[in-house]
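Chains, contacts and geometry: an overview
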Amino acid sequence: MSNLLRTFVNEPIPPKIIKGEGMWLHLEDGKKYFDMTGGFTAHAVIGWNNKEVNKRISSQLNKITHIDYKAFSDENRETLASLLCSKADHQLDKVFFCGGSGGEACETAMHLSYQAHFEAGDKEKTWFISRNQSYHGATTETMSIGDRPNLEFYRPLYPLNRAKISEHNKYRHKFDNESDDEYSKRCADELEHKILDIGPENVSAFIGETIMGGLVGDVPPSENYWKYIRVVCDKYNVHLIIDEVWCGTGTSGKIYCIDWDQISPDFIFLGKTLGAGYVPISAILTSSKIENIIKNGSGRIENSTTFQGHSLAIAASLGVQSLIHSDGFVEEVNRKGILFRSILQDGLQDHEFFKNVRGRGLRNSVEISCENEHLFGLAVTERMKNEHGILINGKWHRFTFSNAMIISDQEIQWSLDKFLTCFKDEASKWNSDRAKQIKEKQFF
Ligand code: PMP
């Protein structure tokens, strides 16, 4: 009898992992897998067992693991905060470390948004608006602004004062006779109407992922979308909170994905990519303007947790982010992303199951359309694993690739060649009998 309560309580115990090395995972039974998922949850953005990060962790272990953020300062926290601001085009110049998870960071941004409005005299701003098909975490607060189907179960527990507008996805919702720019404008108009419905005096912030990530699969905003959204937010004194848990810290080919869109939000929150899986750590970026409101008001940020700015996590993250911020690193991510999408586009463009490939940097997805497409995704995923030892993430309506940024050109070519072969071969045999044989596996 195991004392471990697992998520999928009726499934067999998953295989035992013994080591991660770069892009590879090694199992106890001797098998090894090339990982195109970034540790299944897209966190392993620099691969495993990076010697420089390991060194920083060991060295910090010999000093101190953690001491409260407020009682003592730690030079590494200062250094990491300035590093995170050093290559940004946006105007955010303050970093607040908030704990371990992306969900925690989202909630912290929401709390700080409310607090800043409150201390500036706008005490009724308690509403938050988000978009359908978003994902921001699995705390009660973040579930209420997200749309992950299984979390719908917890709806009776959701807090009040939450509202949603449509998903922003030009592949699905742009009209045929509409330009990208017109579609963006229409989406921003919808936000404006929602703010007016609720009453601008009641709305604290609009929250969105820069590219709609984990659920719909890496959909970049259409032209000028964030510019129009910024204008609406400014007009009604509504904060713009940007979620870069999925697409932050270099994965998009820029340190901040929102820098592709040339606007400055009020908050950006970061999670999994900040510590790249070496440690749980999350943070929000905000501005001196928000800090000044608190300085001239209560003088303290009310939100605090035991492990915010955890010293060991900060040391590890500093190692991860030093690599990501090193000269030429994100430019390479961008270049590799272009190669990645072009291989997929060229290989699939005439295929009847193919709808599109999209993404930024090394956050990419292929959308498909066929009978039982969710099962088709699982079938190709299973074949990639069993026949080629490559882990991918195919489910719902798309294949998502969220591999580590250290992937080489040769590895991109090799793994995508295998993917295209599996995809086409499976498609040539795909019928309802084959679909029935696929056992639905849930990984996350
Ligand atoms: N936002 C986005 C866009 C995410 O992809 C995720 C995690 N997949 C989260 C927030 C939540 O992060 P965490 O699971 O660390 O709470």
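Below or above, wherever it landed, is the structure these notes cover. Keep in mind that this is a model prediction, so the values were computed, not measured. (Residues numbered from 1 in each chain as written. Predicted model: local features only at pLDDT ≥ 70, side-chain atom pairs only at ≥ 80, totals over all residues. Heavy atoms only, no water.)

Following both chains from N to C, one finds helix H12 (residues 329–348) and helix H14 (residues 409–429) inclined at 25 degrees, their axes separated by 10 Å at the closest point. Put simply, H12 runs roughly parallel to H14. Considering how the two elements wind past one another, H12 and H14 form a crossing that is right-handed. The segment H12 lies against H14, with Arg-335, Lys-336, Leu-339, Phe-340, Ile-343, Leu-344, Gly-347 and Leu-348 engaging Asp-409, Ile-412, Gln-413, Leu-416, Phe-419, Leu-420, Phe-423 and Lys-424. Taken together, the residues of the contact of H12 with H14 break down into ten nonpolar, two polar and four charged. (Axes fitted to C-alpha atoms, helices over the stretch in contact; angles between N-to-C directions. Helix = DSSP H or I, 4+ residues; strand = E, 2+ residues; numbered from the N terminus. Parallel < 35°, antiparallel > 145°, perpendicular 65-115°, else oblique. Left-handed = near helix turned anticlockwise from the far one by under 90°. Contact = heavy atoms within 4.5 Å. Nonpolar A, V, L, I, M, F, W, Y, C, P; charged D, E, K, R; others polar.)

What follows covers the pattern of salt bridges. Per the counting criterion, the structure on display carries 33 salt bridges. Salt bridges sharing common partners tie together Arg-383, Glu-387, Asp-425, Glu-426, Lys-429 and Arg-434. (Salt bridge = Lys/Arg side-chain N within 4 Å of Asp/Glu carboxyl O.)

The subject of this paragraph is the packing of aromatic side chains. Summed over all chains, the structure comprises 17 aromatic pairs. By the ring-pair criterion, three or more aromatic residues cluster together here, those being Phe-340, Phe-353, Phe-376, Phe-399, Phe-401, Phe-419, Phe-423 and Trp-430. When the ring centre of Trp-260 is taken as origin, the NZ or CZ atom of Lys-254, which lies over that ring, is 4.6 Å away. (Phe/Tyr/Trp six-rings, centres within 6.5 Å; stacked < 30°, edge-to-face > 60°. Lys NZ or Arg CZ within 6 Å of the ring centre and 35° of its normal.)

Next up on the list: the pairing of strand E7 (residues 203–209). Extensive coverage of E7 is indicated by the burial of seven of its seven residues. Pairing analysis gives three bridges linking strand E5 (residues 127–131) to E7, with the strands arranged parallel. Looking at the pairing, Phe-128 lines up with Ala-205 of E7. Across five bridges, the pairing between E7 and strand E8 (residues 239–243) is parallel. Considered in E8, the bridge of Ala-205 is made with His-239. Read from E7 through helix H8 (residues 225–235) to E8, the crossover connection turns out right-handed. (Buried < 20%, exposed > 50% of the residue type's maximum accessible area, 1.4 Å probe, protein only. Pairing = 2+ DSSP bridges. Right-handed = clockwise from strand over helix to strand, strands pointing away.)

Let's shift gears to a nonpolar patch on the surface. There is a patch of nonpolar side chains on the surface, built from Phe-153, Tyr-154 and Leu-157 and spanning about 360 Å² of accessible area. Take Tyr-154: it is sitting in the loop between helix H5 (140–143) and strand E6 (162–165). (Patch = residues over 30% accessible without salt bridge, like charges linked within 9 Å, V, L, I, M, F, W, Y side chains within 5 Å. Areas by Shrake-Rupley, 256 points an atom, 1.4 Å probe, with all protein chains shown as cover.)

Below, the discussion takes up the sheet that holds strand E15 (residues 398–401). Here we have four strands laid out as an open sheet, ordered E11-E12-E15-E14, and antiparallel in their pairing. Edge strands, defined here as strands with exactly one partner in the open sheet, are strand E11 (354–360) and strand E14 (393–395). Ignoring strand direction, the axes of neighbouring strands in this sheet form an average angle of 15 degrees. Examined bridge by bridge, E14 and E15 share three bridges and lie antiparallel to one another. Within the sheet, the bridge partner assigned to Asn-393 lies in E15 and is Thr-400. The strands that H12 touches are E11, strand E12 (363–368) and E15; relative to E11, the one it contacts most, it runs at about 175 degrees. Helix H13 (residues 373–388) rests against E12, E14 and E15 of the sheet, and its axis sits at about 155 degrees to E14.

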